[in-house]
Amino acid sequence: MSEQRIQQAIQLIDEINQCDPVSEIVDGIAQPKEWLYGVRMSECLAEFIPEASTALQIAARAQHIKRWSIPRSEHPLGREGYYKWRQSLGRLHAEEAMAIAAQVGCEQAEIQAIGRMLRKEKLKRDPQVQALEDVICLVFLKYYFTAFAEKHTPEKLIVIVQKTWAKMSEKGHEAALKLPFTPEQQALLAKALG
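Draft legend 1. Region of interest: helix H1 (residues 2–17). Across its 16 residues, H1 extends 22 Å between first and last C-alpha, which sits within 8% of the 22 Å expected from 1.5 Å per residue. By the burial criterion, the buried members of H1 are Arg5, Ile6, Ala9, Ile10, Ile13, Asp14 and Asn17. Projection of H1 onto a plane perpendicular to its axis shows the buried side chains occupying an angular sector of 165°, all on one side. Tucked inside the fold, the buried residues of H1 contact strand E2 (29–32), helix H2 (33–48), helix H3 (54–61), helix H4 (78–103) and helix H5 (108–118).

In structure tokens form, the structure reads like this:
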């Protein structure tokens, strides 16, 4: 039954994320950006925690649900504006995912857990919230780090890697170190983590 709820929730999340006006080219085919991100989150979660709970599976797929509806430009420039934007997104993702979880018949405790995960409440203290954060970081390192690295200086990248690393658990670190980094990225990681 819970497997059926997960599949129904994923289908509803995907229907929303397939409306993303921004696309990413993969193997010559344009894919809706946040739909693709959701697929990558689910795949990474399945690898990282094969026995993930219903709530964690739904939260992972919904991590960027409807993200394009709150553009970064709606918040001021600078660090404070960035954090406010991220908090707005967290609330949006939580509301959307919780509504979908309720729609497919998830229990109240699962719905609340999805909200906590997507709002990043009790990071480092709640194992489910931490697991989602680990998967977010792994997806960033696996799929988005190369493009990100092309736009920033090595100094800025070192800071970003250190911040990413600080958010992760020991298990997350172990999984990250197994990713297929280029020799340049390996050297940068060694510098950041050394």
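Draft legend 2. Focus on the pairing of E2. The pairing of strand E1 (residues 23–26) with E2 spans four bridges and is antiparallel. Within the sheet, the bridge partner assigned to serine 23 lies in E2 and is proline 32. Linking E1 to E2, which pair antiparallel, is a turn of two residues; within it aspartate 27 sits at a positive phi near 50°.

Draft legend 3. Inspection of the side chain of asparagine 17 at higher detail. Mapped onto the fold, asparagine 17 is located in helix H1. On the basis of relative accessibility, which here comes to 1%, the residue asparagine 17 falls in the buried class. The contact partners of asparagine 17, leaving out residues within four places of it in the chain, are Pro32, Glu34, Trp35, Arg61, His64, Ile65, Lys66 and Trp68.

Draft legend 4. Expanded view of the nonpolar core. Counting residues in hydrophobic clusters, the biggest one holds 52 residues, and the most contacted among them are Met41, Leu56, Ile114, Met117, Leu118, Leu132 and Phe145. Sorting the residues of this core by element identifies H1, H2, H3, H4, H5, helix H6 (127–151), helix H7 (154–167) and helix H9 (183–193) as the ones contributing at least two each. Take this core: its biggest share by element is 12 residues, from H6. In this structure, isoleucine 114 is in contact with Ala55, Ile58, Ala59, Ala97, Met98 and Ala101, ignoring residues within four places of it in sequence.

Draft legend 5. Focus on the packing of aromatic side chains. In this structure the tally under the stated criterion is seven aromatic pairs. Consider the rings of tyrosine 82 and tyrosine 83, whose centres lie 5.8 Å apart with planes at 65°: the pair is edge-to-face. Given the relative accessible area of 31%, tyrosine 82 is considered partly exposed. On the accessibility criterion, tyrosine 83 (45% relative accessible area) is partly exposed. Ring pairing ties together the aromatic residues Phe140, Phe145, Phe148 and Phe181, which thus form one cluster. When the ring centre of phenylalanine 48 is taken as origin, the NZ or CZ atom of lysine 171, which lies over that ring, is 4.8 Å away.

Draft legend 6. Representation of the environment of histidine 152 within the structure. Looking at where histidine 152 falls in the secondary structure, it is placed in the loop between H6 and H7. Separated by 40 residues in sequence, histidine 152 and glutamine 112 place their C-alpha atoms 37 Å apart.

Draft legend 7. Just the packing of H4 against H5, in detail. Their axes nearest at 8 Å, the elements H4 and H5 cross at an angle of 160°. In this view, H4 runs roughly antiparallel relative to H5, as classed from their interaxial angle. The handedness of the crossing between H4 and H5 is right-handed. The residues of H5 that touch H4, namely those facing Gly90, His93, Ala94, Ala97, Met98, Ala101 and Ala102, are Ile111, Gln112, Ile114, Gly115 and Leu118. Partitioning the contact of H4 with H5 into residue classes produces eight nonpolar, four polar and no charged.

Calculation notes
- Residues numbered from 1 in each chain as written.
- Predicted model: local features only at pLDDT ≥ 70, side-chain atom pairs only at ≥ 80, totals over all residues.
- Heavy atoms only, no water.
- Helix = DSSP H or I, 4+ residues; strand = E, 2+ residues; numbered from the N terminus.
- Expected span 1.5 Å × (residues − 1).
- Buried < 20%, exposed > 50% of the residue type's maximum accessible area, 1.4 Å probe, protein only.
- Arc of directions from axis to C-beta.
- Contact = heavy atoms within 4.5 Å.
- Pairing = 2+ DSSP bridges.
- Core = buried A, V, L, I, M, F, W, Y, C linked by side-chain atoms within 4.5 Å.
- Phe/Tyr/Trp six-rings, centres within 6.5 Å; stacked < 30°, edge-to-face > 60°.
- Lys NZ or Arg CZ within 6 Å of the ring centre and 35° of its normal.
- Axes fitted to C-alpha atoms, helices over the stretch in contact; angles between N-to-C directions.
- Parallel < 35°, antiparallel > 145°, perpendicular 65-115°, else oblique.
- Left-handed = near helix turned anticlockwise from the far one by under 90°.
- Nonpolar A, V, L, I, M, F, W, Y, C, P; charged D, E, K, R; others polar.

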